Amino acid sequence: MDGMTTTAVPATSTAEVVGFDQVTKTYGTVRAVDGLSLRLHPGETVALLGPNGAGKSTTLDLLLGLKQPDAGTVSVFGTSPREAIVAGRVGAMLQSGGLMDDVTVAELVRLSCSLHPRPYKATDVMARAGIAQIADRKVNKLSGGQAQRVRFALATAGDSDLIILDEPTTGMDVSARQAFWSTMREQADQGRTVLFATHYLEEADAIADRVLVLHRGRLLADGTAAEIKARAGARRIAFDLEGAFDAAALRALPFLTGIDVSGQTVRIQSSDADATVHALYGLGVYPRNLEVAGLGLEQAFVAITEAEEAKQS
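These numbers come from a predicted model, not from an experiment.

Participant: For the overall build of the protein chain, give the residues involved together with the corresponding values.
Facilitator: When you go through the protein chain residue by residue, the secondary structure sums to eleven helices and 13 strands. Expressed along its principal axes, the backbone C-alpha trace of the protein chain runs to roughly 70 × 45 × 40 Å. Nonlocal contacts in the protein chain, meaning residues at least 24 apart in sequence, comprise 69% of its contacts between residues at least 6 apart. A total accessible area of about 14900 Å² is found for the protein chain, and carbon and sulfur atoms account for 50% of it. Each charge class in the protein chain can be summarised by its mean position, and for the 30 positive and 37 negative side chains these summaries are 4 Å apart.

See the structure below:
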């Protein structure tokens, strides 16, 4: 393939790109992945979230055939991960992926393109990744953000149908992150599946059309960002108070799941916002600039994982 004009042909929405069936992976007494079952489909942009130790990296390693499950099966396009990768159907950008030091950026990208069964032109790959201006620079002279963009170039050196990204925008500035995700949206629009693990939950909220939450190797939640927020079952209440007020009385308001008092500003999480606000007025205080809104994805993520921790403790 000479250039980057070819687009992937979208499969039907029911086609399966990735399949995990009751997959388990242990390290000694630790179950990094515990009976994981999930499906990914063409054109999806999927965020993989979870606290440290949730099993995200192990899940990606299993998906790429870098590790083998102790139980269960992993399939990619109906074959083994290795077969799919050899066929050029998978591109990956790993956080821990090392880069050859004593070569230029252009040399490394050209090598990656030459190894792909369906390669793009190296000049086009570098332009898309935003690294054309550093093509002649040695890899060991790159900044962290530049190295991330080079890893992205290597992951998209050819016409792959599944792109896997592990913390892809770490070290990138805001403009580089925006350009990166614009490119990823184009990939999904062309029928490719994009799976990314990230600690930037605002990225997952803005970019992903599906969010997977892992916790202790198990799939805790699977849905759109809006569905994940709704599942948390809480809303945010924020307001300002003038003069003296009884902080203890505020903390005793009904249905609170969290409260932060900073000076005259109060921020509350409530499982029944209407009842909490009604009780707030019952205290005889007058809240100014009152706002009631749903939880953001980050707050919902914390609420869901903390609730799971409480159940297991």
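There is more to say, and it comes next.
Participant: Account for the nonpolar core, with residues named and values stated.
Facilitator: Considering soluble globular proteins, one finds that nonpolar side chains tend to be buried as a cluster. Core analysis: the biggest nonpolar cluster contains 48 residues, and L49, V109, I131, L165, F180, M184 and V211 have the highest contact counts within it. Excluding its chain neighbours within four sequence positions, the residues that come into contact with V109 are A122, V125, M126, I131, A153 and L154. Core analysis: the second largest hydrophobic core is formed by 27 residues, L40, A197, L212 and L214 among them.

Participant: Break down the confidence of the model for the protein chain for me, with residues and values.
Facilitator: Averaged over all residues, the pLDDT of the protein chain is 89; the fraction at 70 or higher stands at 95%. Taken together, the stretch residues 1-13 has pLDDT below 50 and engages in 26 contacts with residues farther than four places along the chain or on a different chain.

Participant: Lay out the domain arrangement of the protein chain with the relevant residues and their values.
Facilitator: Taken domain by domain, the protein chain comprises domain 1 (18-229) and domain 2 (234-294). Distance between the C-alpha centres of domain 1 and domain 2: 41 Å.

Participant: Can you tell me about the packing of helix α8 (residues 225-232) against helix α11 (residues 297-312), naming the residues and giving the values?
Facilitator: The geometry of α8 relative to α11 is characterised by a closest axis approach of 8 Å and an angle of 50° between their N-to-C directions. Here α8 lies oblique to α11, going by the angle between them. The way α8 lies across α11 gives a crossing that is left-handed. Along the contact surface, α8 presents A225, I228, K229, R231 and A232, while α11 presents L297, A300, A303 and I304.

Participant: Tell me about the sheet that holds strand β2 (residues 30-40), residues and numbers included.
Facilitator: Here three strands make up an open sheet; going across it, the order is β2-β1-β4 and the pairing antiparallel. Each end of this open sheet is capped by a strand with a single partner; those strands are β2 and β4 (71-76). Strand-to-strand twist of the sheet, defined as the mean angle between neighbouring strand axes without regard to direction, takes the value 25°. Pairing geometry for strand β1 (residues 18-27) and β4, over five bridges, is antiparallel.

Thresholds applied
- Residues numbered from 1 in each chain as written.
- Predicted model: local features only at pLDDT ≥ 70, side-chain atom pairs only at ≥ 80, totals over all residues.
- Heavy atoms only, no water.
- Helix = DSSP H or I, 4+ residues; strand = E, 2+ residues; numbered from the N terminus.
- Contact = heavy atoms within 4.5 Å.
- Areas by Shrake-Rupley, 256 points an atom, 1.4 Å probe, with all protein chains shown as cover.
- Lys, Arg positive; Asp, Glu negative; His and termini not counted.
- Charge placed at Lys NZ, Arg CZ, Asp CG, Glu CD.
- Core = buried A, V, L, I, M, F, W, Y, C linked by side-chain atoms within 4.5 Å.
- Buried < 20%, exposed > 50% of the residue type's maximum accessible area, 1.4 Å probe, protein only.
- pLDDT = per-residue confidence, 0-100.
- Domains from an automatic or database assignment.
- Axes fitted to C-alpha atoms, helices over the stretch in contact; angles between N-to-C directions.
- Parallel < 35°, antiparallel > 145°, perpendicular 65-115°, else oblique.
- Left-handed = near helix turned anticlockwise from the far one by under 90°.
- Pairing = 2+ DSSP bridges.

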